[in-house]
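Listed below, chain by chain, are the residues.
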Amino acid sequence: MSRRQLITLLTDFGTADGYVGEVKGVILAAAPEVAVVDISHEIGPQDVEGARLALARYWRRFPPGTVHVVVVDPGVGSGRAALAVFAAERFLVGPDNGVLSPALLVPGARAVQLEIPASAAPTFHGRDVFAPAAAALARGATLETLGAPATDVVIRRTPEPVRNPDGSLLGVVLTSDRFGNLITNLVGLGGGRVTIAGVTLPVVKTYAEVEPGAAVALVGSSGLLEVAVREGSAAQRFNASRGATVVWRP
């Protein structure tokens, strides 16, 4: 049995106002045979960095040929470009504001600049630009038929930790998830200790190694070091958010 073509959606639209429904309606009217997968519509409003980090988690988990649509677009209607990208056998569609960086950084990635139809609402390119492009790709259109090659695209990079003379690593909190876990830019550090907001925590393997309510550090499923509170919120406990300093010591 043949596999249905997939289009995924990641937005900051929420689900209260029908915006997601409009995007899906355009996609399914143009490509009724596709399956549309909701990744999330709860990215913080205009949080391009949060969307970039979310996209990095999942886009390669889907089968080759999947079309990923990302609409977190505070510059909608401005001079920012609209992009379609092909990388690692998958397509991505979204604004040129760095949100598609996980794919643009892949060696050999190709990007084209989508045309903005005169009829497109200047406040809703998700519906009028990105949805039609995604449907066209899902139906077999090639990247090159959608626009001219894009140059000087915006790329966001995760900051690198800084190694101190004493062997410690100075990192930052990248984001917090819905559990209040603080996800850092420190990669795969088993063992040692982590200091945040003046509190030093052991690095363990699982939440279950500490009592409920206790704070801990561990390597999460993304391979990044996280600060957590078992059955609680580290973001609240440490009053920490994106950019907060974290230090790892062996």
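What comes next is a walk through the structure. (Residues numbered from 1 in each chain as written. Predicted model: local features only at pLDDT ≥ 70, side-chain atom pairs only at ≥ 80, totals over all residues. Heavy atoms only, no water.)

## Looking at the overall build of the chain
Working step 1: Across its full length, the chain carries five helices and 15 strands.
Working step 2: Against the globule reference of 18 Å for 250 residues, the chain gives a C-alpha radius of gyration of 20 Å, in line with a compact fold.
Working step 3: A principal-axis box enclosing the C-alpha atoms of the chain has dimensions of 55 × 40 × 35 Å.
Working step 4: A separation threshold of at least 6 residues defines the contact pool for the chain, and within that pool the share at least 24 residues apart is 66%.
Working step 5: Working note: accessible area of the chain is about 12,100 Å², and carbon and sulfur atoms make up 54% of it.
Working step 6: Measuring between centres, the 22 positive side-chain charges of the chain sit 6 Å from its 22 negative side-chain charges. (Helix = DSSP H or I, 4+ residues; strand = E, 2+ residues; numbered from the N terminus. Rg over C-alpha atoms; globule rule 2.2 N^0.38 Å. Contact = heavy atoms within 4.5 Å. Areas by Shrake-Rupley, 256 points an atom, 1.4 Å probe, with all protein chains shown as cover. Lys, Arg positive; Asp, Glu negative; His and termini not counted. Charge placed at Lys NZ, Arg CZ, Asp CG, Glu CD.)

## Regarding the packing of aromatic side chains
Working step 1: Tallying each qualifying case throughout the model produces five aromatic pairs.
Working step 2: Judged by centre distance (5.7 Å) and plane angle (85 degrees), the rings of Phe13 and Phe124 are edge-to-face. On the criterion of sequence distance, the pair formed by Phe13 in the loop between β1 (6-11) and α1 (19-30) and Phe124 in the loop between β6 (110-114) and α4 (125-138) is long-range, its members being 111 residues apart.
Working step 3: By relative accessible area, Phe13 is classed as buried at 17%.
Working step 4: Aromatic pair Tyr19 and Phe124: ring centres 5.9 Å apart, planes at 80 degrees, arrangement edge-to-face. With a gap of 105 residues between them, Tyr19 in helix α1 and Phe124 in the loop between β6 and α4 connect regions that are remote in the sequence. (Phe/Tyr/Trp six-rings, centres within 6.5 Å; stacked < 30°, edge-to-face > 60°. Buried < 20%, exposed > 50% of the residue type's maximum accessible area, 1.4 Å probe, protein only.)

## Considerations on the pairing of strand β2 (residues 35-40)
Working step 1: With five bridges joining them, β1 and β2 adopt parallel strand pairing. Across the sheet, residue Thr8 finds its bridge partner in β2, namely Val37.
Working step 2: Chirality of the crossover, the property in question, places the unit of β1, α1 and β2 among those that are right-handed. (Pairing = 2+ DSSP bridges. Right-handed = clockwise from strand over helix to strand, strands pointing away.)

## Notes on the sheet that holds strand β7 (residues 147-149)
Working step 1: Spatially, the seven strands line up as an open sheet ordered β2-β1-β3-β5-β4-β6-β7, and their pairing is mixed. Edge strands, defined here as strands with exactly one partner in the open sheet, are β2 and β7. Averaged over all neighbouring strand pairs, the angle between strand axes comes to 25 degrees, with direction disregarded. (Axes fitted to C-alpha atoms, helices over the stretch in contact; angles between N-to-C directions.)

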